[in-house]
Amino acid sequence: MREATEVAATRADCVADSAGGLTFHIADWVRPEPGSYDDWNGALVLMRRGAGPAEDGEVRLPLGPTADGRLQAALPGTVALPEGRWDVFVAYGDQEPRRLAPGLHDLRSLVDRRPGPSTSPLSVRIPYATKHGNLSLRTWRRVPHAEAGEIRLDDGAMTTGGRLYRVESPADWLDGAAVEARSRRDPDLVRTAPVTADGAGFSFTLSYARLAESWGGGTDLWDLWLRPADDTAAPVRLARILDDVADKKEIFTYPARTVDAPHGTATVRPYYTVDNDLSVKVADPD
């Protein structure tokens, strides 16, 4: 495995734009062969982890020189990257690609990003350092997208705000919508909560007691979806991806609340999954 055995020495700086694009700058890599810019044949190579032979698992971006002597490659927001984790390499000609390390990242445009009105898929790419010190990208591509906002915890419930993107009329889509909590243990087990809408914004309050009603000890996980009143439209997974944090599970943490359930006392808390989707955990007290 490249990730487990190869530690990159060459660094790439990343600059993000508000449209979901990234520009990579490489300053400390010496070209394998001397020559003029005319014979340059370098590329930044993105490889998606776990991609099968028949899948689109590799993207090559041409590298070109900049005025300050660095090499540059652009990944526009319009280039479709499937969701997942992409490892970043540099290659020259037919040589084996080599891993890149993260340099300086300018991700200011990703903080509190507000995409404009559109019905095209929303592209999100966040560069990050792996546990081995290499450069990778976490990517999402969603349409529609329900961005979770602030989570407020009350004694027996969570109140969450959010915003809907990539639908023609968010207000119409949200009219009569509800939030569904879907049990991973039992696919037929669903709890709902009404949604209050304001344009493209929405909020809901989810009762912890309702989630704990069917709890029988151990751990129950509930995934949160936004379901429109229109049965012909598909529900949308609630997630938080419009910022500069690639992995929120260990960073955005919330305290557990104690709930009296038919089986006994349970603890309930919201959390973000490894894909930055919003879920709720019902479990035994610590």
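In this report, the structure presented in the accompanying data block is examined. Just so you know, these numbers come straight off a predicted model, no measurement behind them.

This paragraph deals with the overall build of the protein. Helix and strand content of the protein: three helices and 20 strands. Within the protein, the fraction of its 286 residues that count as buried is 48%. Considering only contacts within the protein whose residues lie at least 6 apart along the sequence, 63% involve residues at least 24 apart. Only carbon and sulfur atoms are counted for the fraction: they give 48% of the accessible area of the protein, which is about 13900 Å².

Attention now goes to the nonpolar core. Membership of the largest hydrophobic core comes to 38 residues, with the highest contact counts inside it found for Met158, Leu206, Leu224 and Leu226. Looking at which element gives the most residues to this core, the answer is strand 11 (residues 145–153), with four residues. Apart from residues lying up to four places away in sequence, leucine 224 is in contact with Met158, Glu180, Ala181, Phe204, Leu206, Arg237, Leu238, Leu278, Ser279 and Val280.

Let us now look at unusual backbone geometry. At the junction of valine 143 and proline 144, the peptide bond is cis and its omega measures out at -10 degrees in the coordinates. Inspection of the secondary structure puts proline 144 in the loop between strand 10 (135–142) and strand 11. Residue aspartate 112 is not a glycine yet carries a positive backbone phi of 50 degrees. By secondary structure assignment, the location of aspartate 112 is in the loop between strand 8 (98–106) and strand 9 (122–129). A relative accessible area of 64% places aspartate 112 in the exposed class.

Every second residue of strand 4 (residues 58–62) is oriented toward a common face, the buried set being Val59 and Leu61 and the non-buried set Glu58, Arg60 and Pro62. Across five bridges, the pairing between strand 3 (residues 42–48) and strand 4 is antiparallel. Bridge pairing in strand 4 places valine 45 opposite arginine 60.

Turning our attention to the environment of valine 282. In this structure, valine 282 sits in strand 20 (residues 278–283). Classification of valine 282 by relative accessible area gives buried; the value is 0%. Residues valine 282 and threonine 232, spaced 50 residues apart in sequence, show a C-alpha to C-alpha distance of 31 Å. In this structure valine 282 touches Leu211, Ala212, Trp215, Gly218, Thr219, Asp220, Trp222, Ala266, Thr267 and Val268, once residues within four positions along its chain are discounted.

Okay, the pattern of salt bridges next. Counted according to the given criterion, the structure contains 19 salt bridges. Here aspartate 13 and arginine 70 are joined by a salt bridge, their closest N and O atoms 3.5 Å apart. Here aspartate 13 is found in strand 1 (residues 10–16), whereas its partner arginine 70 is found in the loop between strand 5 (64–65) and strand 6 (71–75), with 57 residues between them in sequence. Of the residues examined, arginine 70 reaches a relative accessible area of 23% and is grouped as partly exposed. Across the pair aspartate 220 and arginine 185 runs a salt bridge, and its minimum N-O distance is 3.0 Å. One end of the pair, aspartate 220, is in strand 16 (residues 219–227); the other, arginine 185, is in the loop between strand 13 (178–183) and strand 14 (190–198), and 35 residues separate them in sequence.

Attention now moves to the environment of aspartate 17. On the secondary structure map, aspartate 17 appears in the loop between strand 1 and strand 2 (22–26). Sequence-wise, aspartate 17 and alanine 197 are 180 residues apart; in three dimensions their C-alpha atoms are separated by 29 Å. Other than its neighbours up to four places away in sequence, aspartate 17 contacts Leu22, Ser109 and Leu110. Of the polar contacts made by the side chain of aspartate 17, one reaches the backbone nitrogen of glycine 20; its length is 3.1 Å.

Turning next to the packing of aromatic side chains. The full count for this structure, using the stated rule, is two aromatic pairs. Ring centres of phenylalanine 252 and tyrosine 272 lie 6.2 Å apart, and the angle between their planes is 80 degrees; this geometry places the pair in the edge-to-face category. Here the residue phenylalanine 252 occupies a position in the loop between strand 17 (236–239) and strand 18 (257–261), and tyrosine 272 occupies one in strand 19 (residues 264–272), the gap between them amounting to 20 residues. Comparing phenylalanine 252 with tyrosine 272, the two get one shared label, buried. Here tyrosine 254 and tyrosine 272 contribute two aromatic rings whose centre-to-centre distance is 6.5 Å and whose plane-to-plane angle is 50 degrees, an arrangement assigned as tilted. Here tyrosine 254 is found in the loop between strand 17 and strand 18, whereas its partner tyrosine 272 is found in strand 19, with 18 residues between them in sequence. Classification of tyrosine 254 as buried rests on a relative accessible area of 16%. According to the relative accessible area criterion, tyrosine 272 is buried, its value standing at 0%. Through a chain of ring-to-ring contacts, three or more aromatic side chains come together here, namely Phe252, Tyr254 and Tyr272. Against the face of phenylalanine 89 rests arginine 99, its NZ or CZ located 5.2 Å from the ring centre. Lying over the aromatic face of tryptophan 140, arginine 138 brings its terminal NZ or CZ to 4.3 Å of the ring centre.

Conventions and cut-offs
- Residues numbered from 1 in each chain as written.
- Predicted model: local features only at pLDDT ≥ 70, side-chain atom pairs only at ≥ 80, totals over all residues.
- Heavy atoms only, no water.
- Helix = DSSP H or I, 4+ residues; strand = E, 2+ residues; numbered from the N terminus.
- Buried < 20%, exposed > 50% of the residue type's maximum accessible area, 1.4 Å probe, protein only.
- Contact = heavy atoms within 4.5 Å.
- Areas by Shrake-Rupley, 256 points an atom, 1.4 Å probe, with all protein chains shown as cover.
- Core = buried A, V, L, I, M, F, W, Y, C linked by side-chain atoms within 4.5 Å.
- Pairing = 2+ DSSP bridges.
- Salt bridge = Lys/Arg side-chain N within 4 Å of Asp/Glu carboxyl O.
- Polar contact = N/O pair within 3.5 Å; in protein donor to acceptor, adjacent residues only side chain to side chain.
- Phe/Tyr/Trp six-rings, centres within 6.5 Å; stacked < 30°, edge-to-face > 60°.
- Lys NZ or Arg CZ within 6 Å of the ring centre and 35° of its normal.

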